[in-house]
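Chains, contacts and geometry: an overview
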Amino acid sequence: MYINKDYDVCLEESERLCDEIGNAEEEEAKTGFSWGIGASLVADIIISVGLALQKVAHMRLERQKKSFTATRSHLSIRKTSRSKLASSTKSTAENAGDFDNVYSMPGSNIEKRASAESVSKEGSKDKGPKEPTVFGMPVWWLGLVMVISGEIGNFAAYGDPLTPASVVTAVGCVGVIANAVIATVFLKEPFRKRDLIGVITVCVGVTFVVAFAPKQDSVLDADRFYYLMSQPGAIVTLCFVVAAIIVLYFLCPKYGHKHVLWNLSQASLIGCLTVVSSKAMSTFLNLTLVGAFNPDVPFHDQVDQGKDEEECEDAGHTWMALSKDPPFEYGCVTVDDPKYDDDGELIQEGASQLTEWALYVSLVIMIATAVSQARRRPRRCRRLCRRRCYFA
């Protein structure tokens, strides 16, 4: 009976400790969840404003090009008239047989100036007014800076260890709403009924994703990333996405002009890889920066778990207890001043992720998928604009 009572007491104490740890993790998850959403919201609004500024720059450029074309046409007409005048004067002088003395004749200064101006114009025809471009507009550069800043903010939102990537991606749709408001209020573009339906649908979808998305209960470090990507479900999903992208790569040029869903499906599948790689890379960099600037978090691993006591001493390290309170567990400590957590346990793994191959693979995938979408988008847009079947 005594043993059973002790067992029951120990079991109750264990359950209490598990509940406390679970509540603490849930509270921490809620805090990180809000931080990621806030950063993504601000970043997407900044991107929308930047795109609107670039649209303003392009509208101004169109007006300047029209004015430039009119000015160039006027100069061309004047140049042609002066050339004809000079040719007529020369022909008259040759017919009179006194071409050598034409400039000494009374009143011939007019013809001389006309001929000189014609030669001057022909010699400096390449020095005319230059055609305007967006690169000379401060408004366009301001919009570009805002777009880049917003994308950096989105990347930082992915780096929040406790914010799901699905939430950051869904909140990015808020940029569509901001674009609709800015285009209607400031750019004076029409707001159609289907635009209202689209905005309402986006709001409902984002609300559902944010409300019901699974909360992350642990930090996505490299070890957890390896574990998650090695699961059968992740492997099957990744193979399906890659196969679908390859198939659509060959089908979109043939059938993409018939319905926009073909191109949207390909862009969405490529975007899946971009989101996963961005989440991994941003989280790894965030953990690394925390270890570099937070004195309470070790940057490198403090324990070498692959060495026994003899090998540890031969390597010049210290074989010591890994906790301040019993029961003691010993290991090979590789630092002179080890750091402990609040429970008195030595922090064995460092925060640096720079030696993990997943960081660099994620960087390559993120760049490759982003470039592939950027290179294919202009061709899709040209095909859609030629067909004029989606915006009629």
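In what follows, the structure referred to is the one given above.
Only a predicted model underlies this, so the values are computations on that prediction, with no experimental measurement involved. (Residues numbered from 1 in each chain as written. Predicted model: local features only at pLDDT ≥ 70, side-chain atom pairs only at ≥ 80, totals over all residues. Heavy atoms only, no water.)

**Let's talk about the packing of aromatic side chains**
Evaluation of the coordinates by the stated rule reveals nine aromatic pairs. The interplanar angle of 15° and the centroid separation of 5.0 Å between the aromatic rings of Y226 and W357 together place this pair among those described as stacked. Remark: W357 occurs in helix α11 (residues 357–387) and Y226 occurs in helix α7 (residues 222–229); sequence separation between them is 131 residues. Here Y226 falls in the partly exposed class, since its relative accessible area comes to 21%. Geometrically, the ring pair formed by Y255 and W262 is stacked, given 5.5 Å between the ring centres and 25° between the ring planes. A connected cluster of aromatic rings, assembled from ring pairs, spans F225, Y226, F284 and W357. (Phe/Tyr/Trp six-rings, centres within 6.5 Å; stacked < 30°, edge-to-face > 60°. Helix = DSSP H or I, 4+ residues; strand = E, 2+ residues; numbered from the N terminus. Buried < 20%, exposed > 50% of the residue type's maximum accessible area, 1.4 Å probe, protein only.)

**Thoughts on unusual backbone geometry**
Between P326 and the following residue, P327, the backbone shows a cis peptide bond with an omega angle of 0°. Mapped onto the elements of the fold, P327 is located in the loop between β2 (318–321) and β3 (330–333). Located in the positive-phi region is K188, a residue other than glycine, with phi close to 60°. Mapped onto the elements, K188 comes out in the loop between α5 (174–185) and α6 (193–212).

**Side note on the layout of surface pockets**
Space left empty within the atom packing is revealed by a probe, the size of a water molecule, rolled over the atoms. Counted as a void, the largest pocket has a volume near 1700 Å³. Every element with two or more residues in the lining of the largest pocket is listed here: α1 (2–96), α3 (138–158), α4 (165–171), α5, α6, α9 (260–293) and α11. There is about 1300 Å³ of room inside the second largest pocket. Lining the second largest pocket are 31 residues, and of these V219, L287, V297, I347 and E349 sit closest to its centre. Those elements that provide at least two residues to the lining of the second largest pocket are α1, α7 and α9. (1 Å grid on protein atoms, 1.4 Å probe; cavity = no way out; pocket = protein on both sides within 12 Å on 5 of 7 lines; lining within 4 Å. Points joined across faces, edges and corners; volume = space filled by probe spheres on them.)

**Describing the state of the cysteines**
Scanning the entire structure with this criterion turns up one disulfide. Between the sulfur of C312 and that of C332 lies a disulfide, 2.2 Å long from S to S. Across the S-S bond of C312 and C332 the torsion is about 85°, and the bridge reads as right-handed. Placement of the pair is C312 in helix α10 (residues 309–314) and C332 in strand β3, with a sequence separation of 20 residues. Relative accessible area serves as the criterion here: at 0%, C312 is assigned to the buried category. (Disulfide = S-S within 2.5 Å.)

**A look at the pattern of salt bridges**
Following the criterion strictly, the structure yields three salt bridges and no others. With its nearest N and O atoms 2.7 Å apart, the salt bridge here joins K55 to E189. Of this pair, K55 sits in helix α1 while E189 is found in the loop between α5 and α6, placing the two residues 134 residues apart along the sequence. The class for K55 is partly exposed, based on a relative accessible area of 34%. By relative accessible area, which is 29% here, E189 ends up partly exposed. A salt bridge links R192 to D195; the nearest nitrogen and oxygen atoms lie 3.3 Å apart. Since its relative accessible area comes to 22%, D195 is described here as partly exposed. (Salt bridge = Lys/Arg side-chain N within 4 Å of Asp/Glu carboxyl O.)

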